[in-house]
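What follows is each chain in one-letter form.
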Amino acid sequence: PMRDVEGRPIEVKVRRPLGLHALTEAGSNDAEPDDKRLPPPDQEAPIRAAERADDLLEAGDIEGAAIWRAILDAIEELQRGPEPGEMVN
């Protein structure tokens, strides 16, 4: 198993961001025909956060469930994209 700088075991998870396209010499796959486009990646982060919140709630850990609901809200906020007229960094 991998360890962090302090020697604690860690698990590394890779999640692909939404809305990105593969770049090729012809452009991005957004400009390609539907039958040639890559499918969107699975989005497991919101599902895992919701499952963890539910598990903690069932176990009676109200505070832990609230924290995971806040994490879920943050994930959804990051995935939603900008509103019309909203400033983007």
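As the structure is a computational prediction, the values presented were derived from the model and not from experiment.

## Digging into the overall build of the protein chain
- When helices and strands are tallied, the protein chain shows two helices and four strands.
- When its helices and strands are written in sequence order, the protein chain yields β-β-β-β-α-α.
- Residues classed as buried in the protein chain amount to 11% of the 89 residues present.
- For the protein chain, long-range pairs separated by at least 24 residues make up 28% of all intrachain contacts whose partners lie at least 6 apart in sequence.
- Total accessible area computed for the protein chain in this model is approximately 7,700 Å², and 56% of it derives from carbon and sulfur atoms.

## Section: helix α1 (residues 45–58)
- Counted at 1.5 Å a residue, the expected span for α1 with its 14 residues is 20 Å, and the 20 Å between its end C-alpha atoms agrees.
- For α1, the elements touching its buried residues are α2 (62–80).
- Positioned one or two residues after α1, G60 has a phi angle of 90°, which is positive.

## Structural notes on the pattern of salt bridges
- In the structure shown here, the tally under the stated rule is three salt bridges.
- Linking E44 and R48 is a salt bridge whose minimum nitrogen-to-oxygen distance equals 3.6 Å.
- A residue is classified by how much of its surface remains accessible, and R48, at 40% relative accessible area, is partly exposed.
- Of the charged contacts in the structure, one is a salt bridge between D54 and R69, with a shortest N-O distance of 2.5 Å. Remark: R69 occurs in helix α2 and D54 occurs in helix α1; sequence separation between them is 15 residues.
- On the accessibility criterion, R69 (35% relative accessible area) is partly exposed.

## Some words on the packing of α1 against α2
- Remark: α1 packs on α2, axes separated minimally by 8 Å, with the N-to-C direction vectors making an angle of 165°. One finds that α1 runs roughly antiparallel with respect to α2. In this structure, α1 crosses over α2, and the sense of that crossing is left-handed. Between α1 and α2, the contacting residues are A45, P46, A49, A50, R52, A53, D54, L56 and L57 on the first element and I62, G64, A65, W68, R69, I71, L72, I75 and Q79 on the second.
- For the contact of α1 with α2, the class distribution of residues is 13 nonpolar, two polar and three charged.

About the criteria used
- Residues numbered from 1 in each chain as written.
- Predicted model: local features only at pLDDT ≥ 70, side-chain atom pairs only at ≥ 80, totals over all residues.
- Heavy atoms only, no water.
- Helix = DSSP H or I, 4+ residues; strand = E, 2+ residues; numbered from the N terminus.
- Buried < 20%, exposed > 50% of the residue type's maximum accessible area, 1.4 Å probe, protein only.
- Contact = heavy atoms within 4.5 Å.
- Areas by Shrake-Rupley, 256 points an atom, 1.4 Å probe, with all protein chains shown as cover.
- Expected span 1.5 Å × (residues − 1).
- Salt bridge = Lys/Arg side-chain N within 4 Å of Asp/Glu carboxyl O.
- Axes fitted to C-alpha atoms, helices over the stretch in contact; angles between N-to-C directions.
- Parallel < 35°, antiparallel > 145°, perpendicular 65-115°, else oblique.
- Left-handed = near helix turned anticlockwise from the far one by under 90°.
- Nonpolar A, V, L, I, M, F, W, Y, C, P; charged D, E, K, R; others polar.

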